[in-house]
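Listed below are the residues making up each chain.
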Amino acid sequence: MSRLYDSIEPNVIDEEMLQRAVEEQGPREEAGLLAKKEGINFRDVKELQLDFRNILKIDNLWQFVNLTKLQLDNNIIEKIESLECLVNLVWLDLSFNNIEIIEGLDTLVKLQDLSLFNNRISKIENLDALQELQVFSIGNNAIQTLENMIYLRKFKNLRTLNLAGNPVCENEVYAMFIAAHLPDLVYLDFRLVEDNMREMALIKYQYAIEEMRQGETLALVKQEALEAREKEVEYHKSAYVEYLNGPFLFDSMYTEDSEASKLLYLPGVPELLEIYKTKFVAICQNLFEYGLKQHEKREAEVTLFYECLHEALAENQEQGTKIMQAFEEKNEGVLDKIQSISDTMVAEVKLTEYNEDIAKLTETLMTLEMQLVEQLEEIIKDFERNILDLVSIFIENEQGLMAQCRDLENYHHEKLLEIAISTLEKIVKSEFDEEMPDDVRMLFVDKDTIVNAVNASHDIHLLKIDNREDEIITKANGWASALIEKVHKDEIHRNRSRVMEINQYVDHLHSETDSLDILEQ
C-alpha cells in the first residue's frame, strides 16, 4: 500500500510526538500558553489525533487511560498493539494502514466505533470483547468469504457495517446474505437496509438461519451454565471451601502418587480404597457445608457493622448540619451590620462577639467529631472482636475436620501396610499365585522396598491434606486482617477529612471577618 511519504523514515510513537500532538490539539491563545507552560497531564486527555505521522509501531500510550477517541489513520502501522490500557476508548480509527490481523483489542470493552478501513485484513476475528460495538468499518480489505460474516452475529448492538471494496462484495448474494444473517443491521456499505430486502433475505435463508439460531441457543445455554458454575465456584472460594463438595481433594492426593496405582493390585486394596474414599469425601462435604454457613455469618457481621457505621455517621452529620445552620441563622447579615456601625468601639465589640461565636462553633463541631470518633472506636472494636472470633471458630472446626481426614489416611495406611507385608510373606513362601505386573512385583523384592513404597504414598496424601488446611487458614486469617486494616484506615481518613472540612469552614468565616475594615470608618 503506497503512501506519499513512504520514503520518509518510519516513526514510533514517543514522548516528544505525544507531547507535540497534545499541545497542537489542546486549548488555544492564553489558555493554550498556560497549559503548555504548566504541562498537560496525559491522563486528562480525552481525544488524541496521531494521523498522517508515518507511524510504524504503536507504543507509549499507557498514560492516556481516560482517552475516549483515538485517531491513528493514514500511517504505516502493521500490528495492532499497546492499546490495552485505553480501557475507556469509545472511538478508534486505524484506517489506511498496513494491518493484516485484527488483534490486541480485548480490553477495549467500551468501544462503539471501530474503523479498519483500507488495510490488508483477510478475516474478521478477535473482536469478541467488543460487545458495545455499533459502527464497524472494514471496507477496502481482503475479506473473501461470506461465512466470515456470520461471526458478526454475536454483536447485538452493531447497526452500521461497511465492507465495500472487499472481494466478498463481488458475490451476487452478498447483500442478501448480510441482511439475513445480521437482522439488526440498519446500514450496510453506507446504504439503508431496506425492509423488502430483509424480508426476501429471511425467506431465502430461513432454514439455515433457523438451524443457526438453534445452535446459538444451545451455545448460549451452555455459556450461561458455565458462567453460573464459575460464579458458584467464586462464591465457594470466598468461603475458602472451593472444590470440597466432592472428591477433588481425595483425587488430588492420588494424582501425583505413582505408587498408588501399583498397590491397587494387592488383594483387598480396591475395596479398602473405596471405603476410604467414601468416608473421606463425606468429611469434605461436611467441611464444605460448614464453611458456607460460616461465610454467611461473617458476611452478616460485616453487613451489620456497616449499617451501624452509616447510622452513626448519618446521625452525627445531621447534628453537625443543625449546629452550622443555627450558627448561620443567628449570624445572618451580622458582618454587614458590623460594617455599617459608625462607632468603631461598638463595631469592635460586635466583631469580638462574632469571633467568640465562631470559636464556640469550632469547639462544638470538634467535640461532636471527637464523640463520633469514640463512638466509632467502640463499634470498630466490637466488630474486630466479632470477626476474629468468627474466623477463629471457623479455623478451629476446620482443623478438627481436617484432623478427621488425616485419621482416615492414617488408618488406611496401616491397613494397606498390613496387606502389603502379608502379601510379601506369601510371595516369599511361594503361597501367592495371583498375577501381578512386573513393576508391581518389583516392589516385593524385600520388606524395605514395599514399606518405603507404602510410606511414600502415605506422605504424599498427608502433604495434600496439610497444604489444603494451611491454604484455608491462611486465606481466612488474611481476609480478616485485610478487612480490619481497611476499616481502621477508612476511619482515620474519614476523621482527617472531617477535621479538615471543619477547619476550612472556620477559616472561611475568619477570612470574611478579616476583610472587614472597621478601623477606617
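Our structure's up above, just so we're on the same page.
Criteria and thresholds
Residues numbered from 1 in each chain as written. Predicted model: local features only at pLDDT ≥ 70, side-chain atom pairs only at ≥ 80, totals over all residues. Heavy atoms only, no water. Helix = DSSP H or I, 4+ residues; strand = E, 2+ residues; numbered from the N terminus. Rg over C-alpha atoms; globule rule 2.2 N^0.38 Å. Buried < 20%, exposed > 50% of the residue type's maximum accessible area, 1.4 Å probe, protein only. Contact = heavy atoms within 4.5 Å. Core = buried A, V, L, I, M, F, W, Y, C linked by side-chain atoms within 4.5 Å. Phe/Tyr/Trp six-rings, centres within 6.5 Å; stacked < 30°, edge-to-face > 60°. Lys NZ or Arg CZ within 6 Å of the ring centre and 35° of its normal. Salt bridge = Lys/Arg side-chain N within 4 Å of Asp/Glu carboxyl O. Axes fitted to C-alpha atoms, helices over the stretch in contact; angles between N-to-C directions. Parallel < 35°, antiparallel > 145°, perpendicular 65-115°, else oblique. Nonpolar A, V, L, I, M, F, W, Y, C, P; charged D, E, K, R; others polar.

Examining the overall build of the protein
No. 1: If you tally the helices and strands in the protein, you get 12 helices and 10 strands.
No. 2: Taking 521 residues into account, the globule formula puts the C-alpha radius of gyration at 24 Å, and the protein, at 37 Å, lies well above it.
No. 3: With respect to the three principal axes, the spread of C-alpha positions in the protein is 125 × 75 × 50 Å.
No. 4: Relative to its full complement of 521 residues, the protein shows a buried share of 40%.
No. 5: Restricting the contact set of the protein to residue pairs at least 6 apart, pairs at least 24 apart contribute 60%.

Examining the nonpolar core
In a soluble, globular protein the nonpolar side chains are often hidden away together inside.
No. 1: The biggest cluster of nonpolar side chains holds 60 residues, and the ones touching the most others in it are Leu50, Leu61, Leu70 and Phe136.
No. 2: It is helix H3 (residues 174–181) that provides the largest number of residues to this core, a total of 6 residues.
No. 3: Apart from the residues within four sequence positions on either side, leucine 50 is in contact with Ile13, Met17, Leu18, Ala21, Ile55, Leu61, Leu70, Gln71, Leu72, Asp73 and Asn75.
No. 4: Grouped together as the second largest cluster of nonpolar side chains are 43 residues, Val241, Cys284, Cys405 and Ala480 included.

Some remarks on the packing of aromatic side chains
To describe a pair of aromatic rings, you give the distance between the ring centres and the angle between the ring planes.
No. 1: Taken as a whole and assessed by the stated rule, the structure comprises 14 aromatic pairs.
No. 2: Where tyrosine 240 meets phenylalanine 394, the ring centres are 6.3 Å apart and the plane angle is 45°; that geometry is what we call tilted. You can see tyrosine 240 sitting in the loop between helix H5 (206–238) and helix H6 (248–255) and its partner phenylalanine 394 sitting in helix H10 (residues 344–428), a full 154 residues away along the chain. The same class applies to tyrosine 240 as to phenylalanine 394, namely buried.
No. 3: Through a chain of ring-to-ring contacts, the aromatic side chains of Phe250, Tyr254, Tyr276 and Phe280 assemble into a single cluster.
No. 4: Sitting over the face of the ring of tyrosine 205, lysine 204 holds its NZ or CZ atom 5.6 Å from the ring centroid.
No. 5: When the ring centre of phenylalanine 394 is taken as origin, the NZ or CZ atom of arginine 298, which lies over that ring, is 5.0 Å away.

A short note on the pattern of salt bridges
No. 1: Going through the model one piece at a time under the given rule, you end up with 26 salt bridges.
No. 2: Here lysine 330 and aspartate 357 are joined by a salt bridge, their closest N and O atoms 3.3 Å apart. Taken as a pair, lysine 330 in helix H8 (residues 269–330) and aspartate 357 in helix H10 lie far apart in primary sequence, 27 residues in all.
No. 3: By relative accessible area, which is 60% here, lysine 330 ends up exposed.
No. 4: Salt-bridge contacts for lysine 475 lead to glutamate 471; the nearest nitrogen and oxygen are separated by 3.0 Å. Pair noted here: lysine 475 and glutamate 471 are both in helix H12 (residues 447–514), with a separation of 4 residues, about one helical turn.
No. 5: Owing to a relative accessible area of 35%, lysine 475 belongs among the partly exposed residues under this scheme.

A closer look at the packing of H5 against H8
No. 1: Packing of H5 against H8 brings their axes to within 9 Å, and their N-to-C directions diverge by 75°. Judged by the angle between their axes, H5 and H8 are roughly perpendicular. Residues Tyr235, His236 and Ser238 of H5 touch H8, and the partners they reach there are Phe288, Leu292, His295, Glu296 and Arg298.
No. 2: Here the contact of H5 with H8 is built from residues that sort into 3 nonpolar, 3 polar and 2 charged.

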